[in-house]
Amino acid sequence: MRNPIRLLAACLLMVPAWAKPTLFIIGDSTVRNQTSGQQGWGDPLVAHFDPAKIDVVNRAIGGRSSRTFLTEGRWDAVMANLKAGDFVVMQFGHNDGGKLNDERCRASIKGTGDESEDITRQTDGKPETVHSYGWYLRKYISDTKSKGATPIVASLIPRNLWTDGKIGRAGDSYAGWARESAKQGGAAFIPFNALLADRYEELGREKTGLLFAGSDHTHTGPPGAEFNASVLAGALRSTAIGPYLLPADLWLPRIFSDHMVLQRDRGNPLWGTTVPGTGVTASIAGKTAVTRADDNGHFRLDLPALPAGGPHELVVKAATNRTFKDVLVGEVWLCSGQSNMDFTVARTEKRYFSGTTDWEREVADANHPRLRMFTAAWTLREDPQRDVEGEWQVCSPATAGDFSAVAYFFGRDLKQQLDVPVGLVTCAYGASTAEAWISKEKLASVPELKPLRDAFWKKFITYRDHPKSFEDYGKALAKWTARGNKGRAPRHPDPMQDQHNPSVLYNGMIAPVAPYGIRGAIWYQGESNGGSRQLYPALQKALIEDWRERWSGEAFPFYFVQLAAHHDPKPEPGNSSLASMREAQATSLELPATGMAVTIDIGDAKDVHPRNKQDVGARLARLALHGTYRRDLVPCGPMIKMSEIEDGMILLHFDHVGGGLVAKDGPLQQFAIAGEDRKFVWADATIEGDTIVVSSPAVQRPAYVRYAWADNPVGANLFNAEGLPAAPFRTDP
C-alpha cells in the first residue's frame, strides 16, 4: 500500500500555487538580516499585507548590492518565479559604493548613466562588465514589466549619523539616483530615505538610536525594522499594491468575524490596528471596553466578561467602525496537530484522505447552529504573522463536511453535555512536526532542542546562499502550470515552506490567533516525530508551555491524543518505535491540566488515518468534562500506577479503574514478561480486584512487564468498566 504520509504530502502540493499575486522584495541587509540582534524591514513588512489577497516573498540578502544581486543569479531566480500580476519592491544602495574590483566585487558605477567597465574579478578570475547603479535598477524595472508585473523602487534607509541635529540624507546620491532610475524606467518610486529621515528627526537622536542595533548606524533592530516597515507600508498605499495591504483605518484579525464564539465568563482579548492615537471602543450586550491606539496604531483591549448566550452584535469603533453579527458566547477550544486533526468529517477534493466512519450520515445530521468552527488556512511563514485566512462557519449539513472531524465530535459532545455554544479554532497541517508549532523564542530556550535548530539553520543557509534551487523551482512550477496543474506540483525548496521545520506553523497559524479567548486546547500529532521521538518529551512540553505563555500565561487545559495502532501486528513481543513514541507522548501528563486520550483500540494497520474519529472526539470530550468542567465521571482508561514483584509474579496497580478492570472479549492479552535479561515472552495475566497479576512459567524470576508494547497491539483488551482502553506501558527502563 502507498505510504499515507506521502499521499498527504502529495495532496498538499496539489493546491493551486498561483491563485494569488506575489510580492517579491529584493535588497540588502537593511531589508533582510539574519545577524543576531538585527532585522531588516522586509520581514515585518510581510505582516502588513492581507494574506487572503497576496503572498509576500522576501528575497533580499545581506551584503548584496544592485550589482551582485544580478551577478549571483538571485535576480534570475526571482524572474523564474515572477508572473503577470505580481509586484517587485526593490531597495539597494548601501553596498554599491567602493572599488569596482576588490575582495568583494560588489560596487556599481556611481550614478544612473549607461557607462560600463570591463573587469576580471579578483574574487574568482571571471570577466564581468560592470554597470551603473541606475543601470541595474532599470534592468530590474524593465525585466519586471516584461513579465506583466509591477516594479516599485524605494530609496535606501538613512544611516544613523547626525550633524547639527539633522540625520544624514542621500538625496544627492543613491536616494536621488533611485528616484531618477525609477523615472527613467517608468516605475513607482517611494522616497523612503526622505520619509524615514523626517520621521527620525521628529523622534530625535536618542529615540532614533533605540531603533538601530546597538552602535550600528546602518542596521536596525526588531523595533526599528517594524517602524521602518510601518512607514513604508503607509507610503505603498498610494501605489498599485496599496489595495493588498491591511486596512489603515481599522484592521482586526480574521478570527473576529460574523458567527464567532467568544469564551464565556472571562474577558476576551480583542486587538488590531487603526490610526495612531485613535480612541477605540468595543461594545457587546450592553457592555463597553475602551482603549487608545499607540504611536504605531496598535491596540488591544479585553471585551467584558459575558455569560453563555447570544446572538449578540459586537461593534468596534475607531477611525472607522466594524460590526460583527450573530456572535455567541460559550466554550472555545483551540484544535491543532497534523493530518489526523486536519482530517475532515467528509471526504473532499482538498482532503481526499478524509471521511469518517458513516460520514454521509454524520454530515446529514450535523444541524448544530450553536456549534461553530474557524479553520485557519494552511500557512507557513518565517516570522510571526498578524493574520491568517479563515472565517467562522456555523455547523450545518452544508458546512460540517469541511470541519476537522476530531474537533467536530469533541465540540458536539461538549455542546450536548454543557448546553452552551461551542467554538472551535482549528489550526492543523498534515505531516507537520511538533517543532513547527513552537515559537523560535521557546525553542531557543530548550537546550535539548538545539540539534533541531542547528539542522534547520544549516538547511536555511544552504537555500539562502544557493539561489539556483529557487530558480529551478520557478521553472518547474511554470511547466506544471502550463500542463493545467496536472499531477504533482514541484516541491518548494525553501525550508520555511516545509511543515517539518521549526516555528513555521507557529508563525503562520498560531501567532495570528493568539491570544483569542479560549478555554483550552486539544492536540493530535506525533506521527511525523517518530524519527525524533527521543526529543518528543521536550518538544511537547515546550509546545504546551509556549502556548500557555502566549495566552496570557494561563495554564489552560491541554488534552492530547496518543497515537493509534498502525502497521502489521508482530507475533512475538519486542521493541516498537510507535510504542516508544506513545510513551514519549505520555510524559506530558506530568504537566498540570493535561490529559491523554488512548486510541490503540481504534487504529488501522494499513492507514495512518483511522476512520473512527467519533471515539477520538468523545474521549477528548470526556477528559475535558472531567478535568475542566468538573463532571463526576471517569476521564480515561486504566493507567499504570505501580508494580511489585511477589512470589514469581508481577502485581500491577492502576489509576482510573472506574467501575473495575475488565478483560474485554476473553482473557487478557498483550502482556509480556521478562527477567533481568529483558528477553520478553508472552505472559499470563489475570484480574484480581483492582490489580492484575502477571506471570509465565518461562520466567521464574520476573523483573519487568510490558502491556500493548507494539506498533499494532492487536488483541490488547484491558479496559475499565466504562469501556475505556488502558494505556500501553512498560516497567523496564
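Summarised in this report is the structure supplied together with it.

Quick notes on the rules
- Residues numbered from 1 in each chain as written.
- Predicted model: local features only at pLDDT ≥ 70, side-chain atom pairs only at ≥ 80, totals over all residues.
- Heavy atoms only, no water.
- Pairing = 2+ DSSP bridges.
- Helix = DSSP H or I, 4+ residues; strand = E, 2+ residues; numbered from the N terminus.
- 1 Å grid on protein atoms, 1.4 Å probe; cavity = no way out; pocket = protein on both sides within 12 Å on 5 of 7 lines; lining within 4 Å.
- Points joined across faces, edges and corners; volume = space filled by probe spheres on them.
- Nonpolar A, V, L, I, M, F, W, Y, C, P; charged D, E, K, R; others polar.
- Axes fitted to C-alpha atoms, helices over the stretch in contact; angles between N-to-C directions.
- Core = buried A, V, L, I, M, F, W, Y, C linked by side-chain atoms within 4.5 Å.
- Buried < 20%, exposed > 50% of the residue type's maximum accessible area, 1.4 Å probe, protein only.
- Contact = heavy atoms within 4.5 Å.
- Phe/Tyr/Trp six-rings, centres within 6.5 Å; stacked < 30°, edge-to-face > 60°.

**Concerning the sheet that holds strand S10 (residues 250–251)**
Across the sheet, 3 strands lie side by side as S10-S12-S15; this open sheet has antiparallel pairing. Lying at the two open borders of the sheet, with one neighbouring strand each, are S10 and strand S15 (298–303). Note that strand S12 (residues 268–274) and S15 share 6 bridges and pair antiparallel. Of the residues in S15, the one forming a bridge with Gly 272 is Phe 299.

**Re empty space enclosed by the protein**
Counted by the stated rule, this structure contains 5 cavities of 30 Å³ or more. Approximately 100 Å³ is the volume found for the largest cavity. In terms of lining residues, the largest cavity is bounded by 14 residues, among which Val 46, Phe 49, Pro 51, Arg 381 and Gln 385 are the most central. Taken together, the residues that form the lining of the largest cavity break down as 6 nonpolar, 3 polar and 5 charged. Reported here for the second largest cavity is a volume of approximately 60 Å³. Around the second largest cavity, the lining residues are Pro 573, Gly 574, Gln 670, Ala 672, Phe 680, Trp 682, Arg 706, Ala 708 and Trp 709. Considered class by class, the residues forming the lining of the second largest cavity number 6 nonpolar, 2 polar and 1 charged.

**Here we look at the sheet that holds strand S24 (residues 639–646)**
Taken together, 4 strands build an open sheet; the order of strands is S24-S25-S30-S29 and the sheet is antiparallel. Looking at which strands have only one partner, the edges of the open sheet turn out to be S24 and strand S29 (684–688). When the angles between neighbouring strand axes are averaged without regard to direction, this sheet yields 25 degrees. Strand direction decides the pairing type here: strand S25 (residues 649–655) and strand S30 (residues 691–695), joined by 4 bridges, are antiparallel. Following the sheet pairing, His 653 is matched in S30 by Thr 691.

**Here's the deal with the nonpolar core**
In globular proteins that are soluble, nonpolar side chains generally tend to be buried together. Counting 143 residues, the largest nonpolar core has Leu 314, Leu 414, Trp 437, Trp 547, Leu 620, Phe 671 and Ile 692 as the members making the most contacts within it. Ignoring anything within four residues of it in the chain, the contact list for Ile 692 reads Ile 650, Leu 651, Leu 652, Phe 654, Leu 661, Leu 668, Phe 671, Ala 685, Thr 686, Ile 687 and Leu 718.

**With respect to the packing of aromatic side chains**
When we look at a pair of aromatic rings, we describe it by the centre distance and by the angle of the planes. Counted by the stated rule, this structure contains 34 aromatic pairs. A ring pair is formed by Trp 378 and Tyr 429, whose centres lie 6.0 Å apart and whose planes are at 50 degrees; its orientation type is tilted. Of this pair, Trp 378 sits in the loop between strand S18 (368–375) and strand S19 (392–395) while Tyr 429 sits in the loop between strand S20 (422–428) and helix H13 (440–444); the two residues are 51 residues apart in sequence, bridging distant segments of the chain. In terms of burial, Trp 378 and Tyr 429 fall into one category: buried. Seen in terms of ring centroids, Trp 547 and Phe 558 are 6.3 Å apart; in terms of plane orientation they differ by 65 degrees. Their pairing is edge-to-face. Of this pair, Trp 547 sits in helix H17 (residues 536–550) while Phe 558 sits in strand S22 (residues 558–561), and the two are 11 residues apart along the sequence. According to the relative accessible area criterion, Trp 547 is buried, its value standing at 0%.

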